[in-house]
Amino acid sequence: MSQIAITPARTLGTIDPKLFGGFVEHLGRCVYGGLYDEGSPRSDERGFRTDVLALLRDLRLGVLRWPGGNFVSNYHWTDGIGPKDERPRRPDLAWGGEEPNTFGTDEFLAYCAELGTSPYICLNMGTGTLAVALAWVEYCNDARNTEWAARRRANGRDEPYGVRYWALGNEMYGPWQVGMMTADEYVREATRWARAIRMLDPGAKLVGCGETGLTDWDAVVTDGLAGLVDYHSIHIYTGSDDYWTNVLQPHQAERAIAATAALIDRAAYLKGTVAKPAIAYDEWNVWYRSMPEDTGRGDLAERYTFDDAIAVATYLNIFVRHCDRVKMANLAQLVNAIAPVVTTDTAAGVQPIYYPFLLHARAALDEAADVRVDGPRVSPDLPAGASRWPHRIADLGPFSLVDAAASVSADRRSLAVTLVNRAPDAADDASLVLRDFAFRGPATVTTLTDGHPAGAHGDQPPLAAGLAGLPPLPGLPGLAGAHLAETVVPAGGRTLALTLPPRSFTVVEVPVTASP
């Protein structure tokens, strides 16, 4: 039995909607044949797949990152504007194949508008130049009669787009990146770019290129860009065929966030800066089965299991608990390539990792509340070599079988709790215990559990009646399933009893009130 103690009056930080962000890259079938498919009967007149758009809209994405990723380091944005039949085809040096450039800046920003999300553009610091980057910012944001603002108007957009978020390159530390740099080289170049972009657009929010938050690169970059950027990015993927490694490896993100925050604090102290960059965890996911070197192609068509959904739910709990420092997080990717949404020519369906993101984004309130779990813990055997990712997590244990996060509304009248039971076989008769507060009405409890594998037609299970605002989701052959159940239970006093099924994710939404 686990006791989850929650103190609604003791908050950890404000939850930024960008915590539930996404990422789409020109990679495999993520863009072409995924969210964008010209000529498809499933697409609108702009080429946007309407079935995919509906599924992504339900995720309530706070921000969307584009166009890469590795792809951006050889991407020239001017290839992707103007009449489509005049746009050049270019070799894709990151993932192979050809880039037709029919989905470019205007298409991306129109897509963000359809989703109701903030756009986040990554600048090409590989083969790109500062002049080209400034032209991109001018095209998107300038209201004057300048050359690139006039080009935007000629392409059909009179008003500036107002793109606020700009990344200064992607993973420039890696030999897989076109234009790889040392950390010192990167700081010199990023300093020039940051200062110039702010001269053109003082409102721009700039993201410095970090690594994992744990490396010498991160130390050099946080020191060198202190006072110049608004975010420091980190990327960590996890995943393993070993159950415990797979569901516990997301805690490496917790270590990375703590280390990055310490580096940022150190740099601010040494430089005497008041404003500190937030953390943008702008690439994260479970990803280990489908790698380019395994398939000979860069499609990364990962097929997810329910255990992966447990890991994704844990990641999101971690981001909520650390929302004082993490102000942006981007699930990579969204469609077809390591993605929650997958398509064929005639259908779009979802994988199990779709559901914890959906439920988290729907339930999250204004601020994270302090939460403590007292219950069974586990120190499992985590065999060396069980994961293709070199993360060591055994020293972070023992781990609670139940992982928890909580959020409260600004008026402290509503509470949402997200609970992951990672026990593979045992249910947990848990209790939520409020400190200095009481439950004041029925609780809505939504539980996600493993579903049977999809049948011959790949039908996904229907959503619970209480989620009727979301239509049943058509599936695809071979996709694993998931089961959603929603109940309403009476809640009063300071304790609420729950049964958490094994290998499950549960969301509790309930009104609360301060008690004497």
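You'll find the structure just up there.
Residues numbered from 1 in each chain as written. Predicted model: local features only at pLDDT ≥ 70, side-chain atom pairs only at ≥ 80, totals over all residues. Heavy atoms only, no water.

*Asks:* Is there a simple way to think about the overall build of the protein in this case?
*Replies:* Of the regular secondary structure elements, the protein holds 11 helices and 25 strands. The C-alpha radius of gyration computed for the protein amounts to 23 Å, which stays within 12% of the reference 24 Å derived for 516 residues, consistent with globular compactness. Based on the C-alpha atoms only, the size of the protein along its principal axes is roughly 65 × 60 × 45 Å. Residue burial in the protein is summarised as follows: out of 516 residues, 60% are buried. Looking at the protein alone, contacts between residues at least 24 apart form 77% of all its contacts between residues at least 6 apart. If you sum the accessible surface of the protein, you get close to 19,200 Å²; carbon and sulfur atoms cover 53% of it. The average position of the 46 basic charges and that of the 62 acidic charges among the side chains of the protein differ by 5 Å. (Helix = DSSP H or I, 4+ residues; strand = E, 2+ residues; numbered from the N terminus. Rg over C-alpha atoms; globule rule 2.2 N^0.38 Å. Buried < 20%, exposed > 50% of the residue type's maximum accessible area, 1.4 Å probe, protein only. Contact = heavy atoms within 4.5 Å. Areas by Shrake-Rupley, 256 points an atom, 1.4 Å probe, with all protein chains shown as cover. Lys, Arg positive; Asp, Glu negative; His and termini not counted. Charge placed at Lys NZ, Arg CZ, Asp CG, Glu CD.)

*Asks:* So what exactly am I meant to see when it comes to the pattern of salt bridges here?
*Replies:* On inspection of all chains with the given rule, the structure shows 32 salt bridges. The residue Glu114 makes a salt bridge to Arg46 at a minimum N-O spacing of 3.0 Å. In this pair, Glu114 sits in helix 2 (residues 105–115) while Arg46 sits in the loop between strand 2 (21–23) and helix 1 (50–57), placing the two residues 68 residues apart along the sequence. Here Arg46 falls in the partly exposed class, since its relative accessible area comes to 29%. Between Arg325 and Asp265 there is a salt bridge; the shortest N-O distance is 2.9 Å. Residue Arg325 is found in the loop between helix 10 (306–321) and strand 11 (326–332), and its partner Asp265 is found in helix 8 (residues 251–271); the two are separated by 60 residues along the sequence. One salt-bridge network, held together by shared partners, links Asp37, Arg42, Arg49 and Asp51. (Salt bridge = Lys/Arg side-chain N within 4 Å of Asp/Glu carboxyl O.)

*Asks:* Please clarify how the sheet that holds strand 6 (residues 118–122) should be interpreted in this entry.
*Replies:* Neighbouring strands of a sheet are bound in pairs by backbone hydrogen bonds; such pairs are parallel or else antiparallel. Around the barrel, which closes on itself, the 8 strands sit in the order 2-3-6-7-8-9-10-11 with parallel pairing between neighbours. The sheet shows a mean angle of 25 degrees between the axes of neighbouring strands, taken without regard to direction. Two strands pair when backbone bridges link them, and strand 9 (residues 231–238) and strand 10 (residues 278–286) are joined in this way by 7 bridges, in the parallel orientation. Across the sheet, Ile236 pairs through a bridge with Trp284, a residue of strand 10. Along the sheet, helix 8 makes contact with strand 9, strand 10 and strand 11, crossing strand 10 at roughly 160 degrees. (Pairing = 2+ DSSP bridges. Axes fitted to C-alpha atoms, helices over the stretch in contact; angles between N-to-C directions.)

*Asks:* Could you clarify how one ought to interpret the packing of aromatic side chains in this entry?
*Replies:* Two numbers describe a pair of aromatic rings. These are the distance of the centres and the angle of the planes. Inspection of the entire model under this criterion finds 28 aromatic pairs. Ring centres of Trp77 and Tyr139 lie 5.2 Å apart, and the angle between their planes is 55 degrees; this geometry places the pair in the tilted category. Taken together, the positions of Trp77 in the loop between strand 3 (63–66) and strand 4 (90–91) and Tyr139 in helix 3 (residues 130–141) put the pair 62 residues apart, joining distant regions of the chain. Neither Trp77 nor Tyr139 differs from the other in exposure class; each is buried. Between Tyr237 and Trp287, the aromatic rings sit 4.8 Å apart at their centres with planes inclined by 80 degrees, giving edge-to-face as the arrangement. (Phe/Tyr/Trp six-rings, centres within 6.5 Å; stacked < 30°, edge-to-face > 60°.)

*Asks:* Even after reading the chapter, I still don't get the nonpolar core, so can you show me in this structure?
*Replies:* Most often, soluble globular proteins have nonpolar side chains that are buried together. In this structure, Tyr186 and Tyr281 are the most contacted members of the largest nonpolar core, which totals 130 residues. The element that contributes the greatest number of residues to this core is helix 10, accounting for 11 residues. In this view, Tyr186 contacts Met125, Leu168, Met172, Met181, Val207, Gly208, Cys209, Trp217, Val221 and Leu225; residues no more than four positions away in its chain are not counted. Residues Ala369, Val408, Leu415 and Leu498 belong to the second largest nonpolar core, which totals 25 residues. (Core = buried A, V, L, I, M, F, W, Y, C linked by side-chain atoms within 4.5 Å.)

*Asks:* Teacher, can you tell me more about the packing of helix 5 (residues 183–200) against helix 6 (residues 216–224) here?
*Replies:* Between helix 5 and helix 6, whose axes approach to 9 Å, the crossing angle comes to 25 degrees. When the interaxial angle is binned, helix 5 and helix 6 end up roughly parallel. The two elements helix 5 and helix 6 cross, and the hand of that crossing is right-handed. Listed contacts from helix 6 to Ala183, Asp184, Tyr186, Val187 and Thr191 of helix 5 are Trp217, Val220, Val221 and Gly224. (Parallel < 35°, antiparallel > 145°, perpendicular 65-115°, else oblique. Left-handed = near helix turned anticlockwise from the far one by under 90°.)

*Asks:* Help me out: how do you make sense of the environment of Tyr161 in this one?
*Replies:* Along the chain, the position of Tyr161 falls in the loop between helix 4 (147–154) and strand 7 (165–167). With 48 residues separating them along the chain, Tyr161 and Ala113 place their C-alpha atoms 9.8 Å apart. Engagement of the side chain of Tyr161 in a polar contact is seen with the side chain of Asp106, the distance being 2.6 Å. (Polar contact = N/O pair within 3.5 Å; in protein donor to acceptor, adjacent residues only side chain to side chain.)

*Asks:* Even after reading the chapter, I still don't get the pairing of strand 25 (residues 504–514), so can you show me in this structure?
*Replies:* Side-chain direction in a regular strand flips from residue to residue, so the side chains alternate between the two faces of the sheet. Judged from the 8 bridges that link them, strand 18 (residues 414–421) and strand 25 form a sheet pairing that is antiparallel. Note on strand 25: the bridge partner recorded for Val417 is Val508. Pairing of strand 20 (residues 437–440) with strand 25, which is carried by 3 bridges, proceeds in the antiparallel orientation. Among the inter-strand pairings, Phe437 is bridged to a residue of strand 25, identified as Ala514. For strand 21 (residues 443–450) and strand 25, the ladder comprises 5 bridges, and the chain directions are antiparallel. Residue pairing for strand 25: Leu448 is matched across the bridge by Phe505.

*Asks:* Is there a simple way to think about helix 5 in this case?
*Replies:* An α-helical turn contains 3.6 residues, so a residue and the one three or four places further along point in the same direction. For helix 5, which comprises 18 residues, the first-to-last C-alpha distance of 26 Å matches the rise-based estimate of 26 Å (1.5 Å per residue) to within 8%. Where helix 5 is buried, its residues touch helix 3, strand 8 (205–208) and helix 6. (Expected span 1.5 Å × (residues − 1).)

*Asks:* How should the state of the cysteines be read in this particular structure?
*Replies:* Scanning the model with the defined rule gives 0 disulfides in all. Free cysteine Cys140: the closest other cysteine sulfur is in Cys112, separated by 10 Å. For Cys140, a relative accessible area of 0% gives the class buried. (Disulfide = S-S within 2.5 Å.)

*Asks:* Mind showing me how you'd approach helix 2 here?
*Replies:* For helix 2, the tally of buried residues reaches 8 of 11 residues, placing the bulk of the element in the interior. Buried residues of helix 2: Thr105, Asp106, Glu107, Phe108, Leu109, Tyr111, Cys112 and Leu115, and no others. Summarising the contacts, the buried residues of helix 2 are in contact with helix 1, strand 3, strand 6 and helix 3. Remark: Gly116 follows helix 2 within two positions and exhibits a positive phi of approximately 70 degrees.

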